[in-house]
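Inside the fold
Residues per chain are reported as follows:
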Amino acid sequence: MGLKRGEEAWLIQPRSRIALPLLVLAALASAALVLYAAGSWALAAGFGATILTAAALLTWYQHLYPPQISDREATPDWTVARAAADASSMAIAVTDRTGRLVCASDLFGEWFPGYPTPPAVTADEALAASLSTAARAAWRDGEARYEGMVQGGLRLDVDITRTGRTEDYLLWRFTPVRQPSALDDVHRFLTGEAGRQLGEAGIMAVMIGGEGRIRAANGAFLLRAAGRIDANITGRDFAAHMRVDDKARLFLAREEQGGLPLRLLQVPLKRAAQPNGSQASAQDGPMLLLLIDEPAGGGGTSALSYIETLLSLLPFGLAMADRDGRVLFVNNAFARVAGLKDGEKPSYPGDLVVREDQAAVADAVRRFAVGPQMSGDIAVRMRDTPDDPVALSLAGVRGLGEAAVLLSLKDNSEESKLKRQVAQATKMQAIGQLAGGVAHDFNNILTAIIGHCDLMLMRHTPGDSDYDDIQQVKSNSNRAAGLTRQLLAFSRQQTLRPQILQLPDIVADVSTLLKRLLGENVKLDVTHGRNLGAVRADPGQMEQVIVNLAVNARDAMPEGGTVNIQTYAVPAARVREMRQQILPAGDYSALRVSDTGLGIPPDILAKIFEPFFTTKELGKGTGLGLSTVYGIVKQSGGYIFAESELGRGASFVIYLPVYAGADAEQPVEVKPAAPRTETWGTGTVLLVEDEDMVRAVAERALTRQGYKVLTANDGEQGLEVLNGGEQIDLLISDVVMPNMDGPAMVAHARRTHPDLPVLFMSGYAEEQLRKSIDIANVAFLPKPFSVNQLAEAARDALLARPAAE
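Every value quoted in this text rests on a predicted model; they were computed, and no experiment measured them.

Structural notes on helix α23 (residues 787-799)
- Its 13 residues give α23 an end-to-end C-alpha distance of 18 Å, which sits within 8% of 18 Å, the value for a rise of 1.5 Å per residue.
- All of the buried residues in α23 are Val787, Leu790, Ala791, Glu792, Ala793, Ala794, Arg795, Ala797 and Leu798.

Right, here's the structure in full:
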């Protein structure tokens, strides 16, 4: 970088201060030599004076006329820097100390119209602030980087470097992040097995870039254009391998006069989006070129049959339409995506979409059928799947007779299926959390109702006018408690007692009950496979699963039929062959319950596991049967799938993972039942419960059993009572309470009362609270409970105290 005039003068002055004394010394030395040689003082003085006068005149001249510094030396030649920047594939900009943009490449102007000064290249304030922070870091450390900047359809990495001879500039480099695109798929298609099959069918395929250079080609083109199937012609000009005769017919240049004329089909490929969100035109972007030998007699109509053969081989959903919008051809992939039956071909593309989108599709086809070749996309809703918009790609084609528009549909059925499965799983999880919370609050209410019913029954005997009414209230409360248990099962919050068991044994245990439940007009068929692995589950809950599925199967066959129950092994290799997205690879034992009923409609199949959803008449079903099955299976670590076809029945398949523990082959130990003793007791019980109605009924129930009861509203009050000086024999506490919950209170209480037995009670399941109540010498009583159940739990907790000590 050059120096300015003032800067050069500043450099000259120090040199002048040193040169002047040297000239004086030189003049004195010269005078002395003259005096010594001539012996004349006058001659020596005159010679010295002459030298001093010449030096003074030279210094004065340099002061009046300092050397001129050209603008080329004073200012960097930014044209050279810009030319170098334009040669790269990144956008480049240079800013100075004042933040002024002093140089930028042409690509920078294309990506950021108007040449804004970095970091103000975006309207996103947060992104601009991040770029400013990176610029300050570059001034401080010499370099900085920001990754993932989004500009329109581009994703850029920004590198900032301090540069220049005096490091007074920042160099900004915006590099696009390469993302997978359709071009990669086409490249693999041409160079793989599919490209070889095209060559065997006599079709040459080449992908070229927007600049006309070859990016990929199949073996058929390589063999005919270059003479070898392993030839490397990547990067060469495609036009160099072709020639055109005086009749405008296309030939391969290598085949000279003996070659056959070729028919060329151009398929525009989507190019990367520009920063402003627009797409490049078809002429500017990459293309897939398909070449076939022109049939005898030429003519677009004959060539069209060849093109249809080609399109039928491609794995992409492709169709062709004429200038009037009539569909000429659809390949199998297009028919599958559009939901067409075998042999069915629509008259117009608009017949495939909903009525609201038909006009837009017809207008797009007309626009692409005339004028220059273009390509583009429109979002449409298919007639069979109106809830899932898809992208319909259109491209104008020429030289194929009647065919004028090429249409393409992406097969996103698997993607849509996964989206629906994720949405369904999210919804089921949210409903489960809601169901668990409702069941907890409802259990507190039911505990109070059942407890007061028990207390009233103690004052009434059978035959009293109120005895039957109280029994009816208690019976209905117990039914409501069963509903809450089903809700907890669905939300995977129930208390399970898992054991190591075999599915055939569970089916055998429940078969007798099933025969009574199914009735005389429904046949039960049970088959078992071989080599089933053991599973770990709650046998009682698995019996409930089988009963619920069998009853649903019976209800689906009002005229009678057959319920099939099968158990079989599913090894990991078979799971991988199933290609099930949700089921992880592993060994499973499967249970299938199927019927020969009417089947389940597709719109209902997605909702059958939701709680309170039922297709039965009012009063004939709660809608909790299948939701209970779903919760038990998921809480047991398994998976359940529903399969149905209208008119051919339905099947429910449960996959439980094979238990691989060291005790898998050991029989389950049956614990002997505890001896029954009286529920009357003595001692002091501290009852801690935040719900007033539950605390009141529990206090009365324990008092009637002979205990002295002290109460508290929460954990903090419970600790105050515990430390009040009175001997406490048993602590009964709710788990979830405001201020201080039960486990936190017990942790404090055990510091002063290490052997104090504790009985937790909660409307939540023990399994859900296991981490928080994992404390020694602690029992658990689920809500709702009766007066007798509370008395038995208190008795058992007190009896366990000596063993704990």
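Some remarks on the pattern of salt bridges
- Going through the model one piece at a time under the given rule, you end up with 22 salt bridges.
- For Asp322, the salt bridge is made with Arg326, and the minimal N-O distance between the two is 3.2 Å.
- Salt bridges sharing partners connect three or more residues here, namely Arg145, Glu147, Asp157 and Asp159.

Quick look at the packing of aromatic side chains
- Within this structure, the stated rule accounts for 9 aromatic pairs.
- Geometrically, the ring pair formed by Phe108 and Tyr115 is tilted, given 6.2 Å between the ring centres and 35 degrees between the ring planes.
- An aromatic cluster is built from Phe108, Phe112, Tyr115, Trp172 and Phe174, whose rings are joined through pairwise contacts.

Looking at the pairing of strand β1 (residues 91-96)
- For β1, the tally of buried residues reaches 6 of 6 residues, placing the bulk of the element in the interior.
- Here β1 shows no split at all, with Ala91, Ala93 and Thr95 on one side and Ile92, Val94 and Asp96 on the other all buried.
- Relative to strand β5 (residues 169-176), β1 runs antiparallel, the two being bridged by 6 bridges. Paired with Asp96 across the bridge in β5 is Tyr169.
- Pairing analysis gives 3 bridges linking β1 to strand β2 (residues 101-104), with the strands arranged antiparallel. Residue pairing across strands places Val94 opposite Cys103, the latter belonging to β2.

Details of the sheet that holds strand β24 (residues 684-688)
- If you trace the 5 strands from one edge of the open sheet to the other, you get β25-β24-β26-β27-β28, paired in parallel fashion. Of all the strands in the sheet, the pair left with one neighbour each is β25 (708-712) and β28 (778-782). Each adjacent strand pair in this sheet contributes to an overall mean axis angle of 20 degrees, direction not counted.
- Of the pairings in the sheet, the one linking strand β26 (residues 730-734) to strand β27 (residues 758-762) comprises 4 bridges and is parallel in character. Bridge assignment links Ile732 to a residue of β27, and that residue is Leu759.
- Against the sheet, helix α21 (residues 715-722) makes contact with β24 and β25, and its axis sits at roughly 160 degrees relative to β24, the strand it touches most.

Focus: the sheet that holds β2
- Judged by pairing direction, the sheet is antiparallel, and its 5 strands sit side by side in the order β2-β1-β5-β4-β3 without closing on themselves. The sheet is open, and its two borders are formed by β2 and β3 (143-151), each paired with just one other strand. Sheet twist, expressed as the average angle between the axes of neighbouring strands with direction ignored, equals 20 degrees.

Describing unusual backbone geometry
- In the segment running from Pro118 into Pro119, the intervening peptide bond is cis, with an omega of 5 degrees.
- Along the chain, Pro119 falls in the loop between α5 (106-111) and α6 (125-141).
- Cis geometry marks the peptide bond from Lys783 to Pro784, where omega comes out at 0 degrees.
- As for its placement among the helices and strands, Pro784 is situated in the loop between β28 and α23.
- Backbone geometry at Tyr115 places phi at a positive 50 degrees, although glycine is not the residue there.
- The topology assignment puts Tyr115 in the loop between α5 and α6.

Quick word on the packing of helix α15 (residues 503-518) against helix α16 (residues 539-555)
- The interhelical angle for the contact between α15 and α16, taken along N-to-C directions, is 40 degrees, at an axis separation of 9 Å. Looking at the two axes, α15 sits oblique to α16. Seen along the crossing, α15 lies across α16 with a hand that is right-handed. Of α16, the residues touching α15 (which contributes Leu503, Ile506, Val507, Asp509, Val510, Leu513, Leu514, Leu517 and Leu518) are Pro539, Met542, Glu543, Ile546, Val547, Ala550, Val551 and Arg554.

Observations regarding the environment of Ala226
- Structurally, Ala226 can be placed in helix α9 (residues 219-226).
- Setting aside residues up to four positions removed in sequence, Ala226 forms contacts with Phe221, Ala231, Ile233 and Arg254.

Focus on the confidence of the model for the protein
- Here the protein averages 77 in pLDDT, and 73% of its residues register 70 or above.
- Low pLDDT, under 50, characterises residues 1-16; the predicted model gives this stretch 19 contacts beyond four residues in sequence or across chains.

Side note on a nonpolar patch on the surface
- There is a patch of nonpolar side chains on the surface, built from Phe442, Ile445, Ile449, Val473 and Met693 and spanning about 360 Å² of accessible area.
- Structurally, Val473 is set in helix α14 (residues 467-490).
- The exposure class of Val473 is partly exposed, given its relative accessible area of 41%.

Reading the values: the criteria
- Residues numbered from 1 in each chain as written.
- Predicted model: local features only at pLDDT ≥ 70, side-chain atom pairs only at ≥ 80, totals over all residues.
- Heavy atoms only, no water.
- Helix = DSSP H or I, 4+ residues; strand = E, 2+ residues; numbered from the N terminus.
- Expected span 1.5 Å × (residues − 1).
- Buried < 20%, exposed > 50% of the residue type's maximum accessible area, 1.4 Å probe, protein only.
- Salt bridge = Lys/Arg side-chain N within 4 Å of Asp/Glu carboxyl O.
- Phe/Tyr/Trp six-rings, centres within 6.5 Å; stacked < 30°, edge-to-face > 60°.
- Pairing = 2+ DSSP bridges.
- Axes fitted to C-alpha atoms, helices over the stretch in contact; angles between N-to-C directions.
- Contact = heavy atoms within 4.5 Å.
- Parallel < 35°, antiparallel > 145°, perpendicular 65-115°, else oblique.
- Left-handed = near helix turned anticlockwise from the far one by under 90°.
- pLDDT = per-residue confidence, 0-100.
- Patch = residues over 30% accessible without salt bridge, like charges linked within 9 Å, V, L, I, M, F, W, Y side chains within 5 Å.
- Areas by Shrake-Rupley, 256 points an atom, 1.4 Å probe, with all protein chains shown as cover.

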